[in-house]
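Per-entry structural report
Chain residues, written in single-letter form:
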Amino acid sequence: MFVHYRNQFLFALLVQLGLSLFAVGTLLAQEPIKPKILFDFASSSNQWIQSNGAKAKLLNHDTESIFEITTDVDQDYPSVSLKPSTGNWDL
């Protein structure tokens, strides 16, 4: 009777190992996901910025761009929201 349970355990272990190897192989065979551009900060249009008691602007410094957000002290909940360029977010 002990041998029977041992065989079932080994069979279940081999099935799990096989399924794990299949899953890893499937993931490795897929093409890498290409990065998506969320915002084009260099665009001349700032329609994607929605602010409430804050100011947002893009600064160029040497070879880098800096996204600067400034707020006034007297604002309760200043915020800047970045809206998607088209439709809804699809990350």
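The structure under discussion appears in the preceding block.
Everything in this summary refers to the structure shown in the same document.

The rules behind the values
- Residues numbered from 1 in each chain as written.
- Predicted model: local features only at pLDDT ≥ 70, side-chain atom pairs only at ≥ 80, totals over all residues.
- Heavy atoms only, no water.
- Helix = DSSP H or I, 4+ residues; strand = E, 2+ residues; numbered from the N terminus.
- Buried < 20%, exposed > 50% of the residue type's maximum accessible area, 1.4 Å probe, protein only.
- Contact = heavy atoms within 4.5 Å.
- Areas by Shrake-Rupley, 256 points an atom, 1.4 Å probe, with all protein chains shown as cover.
- Pairing = 2+ DSSP bridges.

As for the overall build of the protein chain
Assigned secondary structure in the protein chain consists of one helix and four strands. Ordering the α and β elements of the protein chain from the N terminus gives α-β-β-β-β. Residues classed as buried in the protein chain amount to 4% of the 91 residues present. A fraction of 45% describes how many contacts in the protein chain between residues 6 or more apart in sequence connect residues 24 or more apart. Of the accessible surface of the protein chain, which amounts to about 8,700 Å², a share of 58% is contributed by carbon and sulfur atoms.

Things to note about the environment of K36
Inspection of the secondary structure puts K36 in the loop between helix 1 (2-29) and strand 1 (49-52). Along the primary structure K36 and D90 are separated by 54 residues, whereas in three dimensions their C-alpha atoms are 9.8 Å apart.

Digging into the pairing of strand 3 (residues 64-71)
For strand 2 (residues 54-61) and strand 3, the ladder comprises eight bridges, and the chain directions are antiparallel. Paired with K57 across the strands is E68, a residue of strand 3.

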